[in-house]
Amino acid sequence: MKLARDRTAVVLRDWGMSRLVGDVELVVSELVTNALRHGGAGMLDAPDCENVIQLSMMRRGSELICAVRDASDRLPTLREPDFMAESGRGLHLVSCFSRDWGAVPTAPVGKFVWALFA
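Only a predicted model underlies this, so the values are computations on that prediction, with no experimental measurement involved.

Cut-off values and rules
Residue positions are counted from 1 within each chain, in the order its sequence is given. With pLDDT at 70 or above as the cut-off, local features in this predicted model cover only qualifying residues; side-chain atom pairs require 80 or more to be listed or tallied, and sums for whole chains, interfaces and linings still use all residues. Only heavy atoms go into the side-chain values, all of them from the structure, while hydrogens and water stay out. Helix and strand definitions follow DSSP, with helices as H or I runs of at least four residues and strands as E runs of at least two, each counted in order from the N terminus. Here the term buried applies to any residue with accessible area under 20% of the maximum for its type, exposed to any over 50%, and partly exposed to those in between, with areas from a 1.4 Å probe on protein chains only. Residue contacts are defined here by distance: any two heavy atoms, one from each residue, within 4.5 Å place the two residues in contact. All accessibility values rest on the Shrake-Rupley procedure with a 1.4 Å probe; residue burial counts only the protein chains present in the view. Should a side-chain nitrogen of Lys or Arg be within 4 Å of a carboxyl oxygen of Asp or Glu, the pair is scored as a salt bridge.

A.B. asks: When you look at the overall build of the chain in this model, what are you seeing that I'm missing?
C.D. replies: Each helix and strand counted, the chain has three helices and six strands in total. Secondary structure elements in the chain, listed N-terminal to C-terminal, are α-α-β-β-β-β-α-β-β. Within the chain, the proportion of its 118 residues that are buried is 36%. Contacts in the chain between residues at least 24 apart in sequence constitute 56% of all its contacts with a sequence separation of at least 6. Surface accessibility of the chain: about 7100 Å² in total, with carbon and sulfur atoms responsible for 52%.

And the structure:
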C-alpha cells in the first residue's frame, strides 16, 4: 500500500493537484487493501499470480478519478460500518472522502472500483 500511496502523491503533485494528496492517498489505500483482501486470484495475463491489481489515475481539468482493478467479479457494497469491528469501514471512508465512487465490471473478469475527486 505504501507504494500505491507514494505513486499517487507523486502523480498528483506533478499534475498540480497537491491539495488532493491526503484524501486520495487514503482512498487509494482503502481500495488497494480491498483489492488485495477480496480481489480473487489471477488477472489479465498473469493466471499464475494471486491478487494482481492495477491502480489507474485519470484527470480532466480539476477532476480526478482513481481506480483499482482486481480479478474478482463480486462488486463491492457499502454497508453501515460497525465501529466495534476490526474491518468493514473501508468503503465508508471512500464514500466520505471522495465526491462519488462506484464499480464497473471488466472483461473477461474482474472489476474497477473507482473514486471521483474534484
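A.B. asks: So what exactly am I meant to see when it comes to the pattern of salt bridges here?
C.D. replies: A side chain with one charge may pair with a side chain of the opposite charge, provided their charged atoms come close. All chains considered together, the criterion is met by four salt bridges. K2 is the salt-bridge partner of D6, the closest N and O atoms lying 2.7 Å from each other. Placement of both D6 and K2 in helix α1 (residues 2-14) is noted, with a separation of four residues, approximately one turn of the helix. For D6, a relative accessible area of 36% corresponds to the partly exposed category.

No statement about biological role is implied by the geometric values presented.
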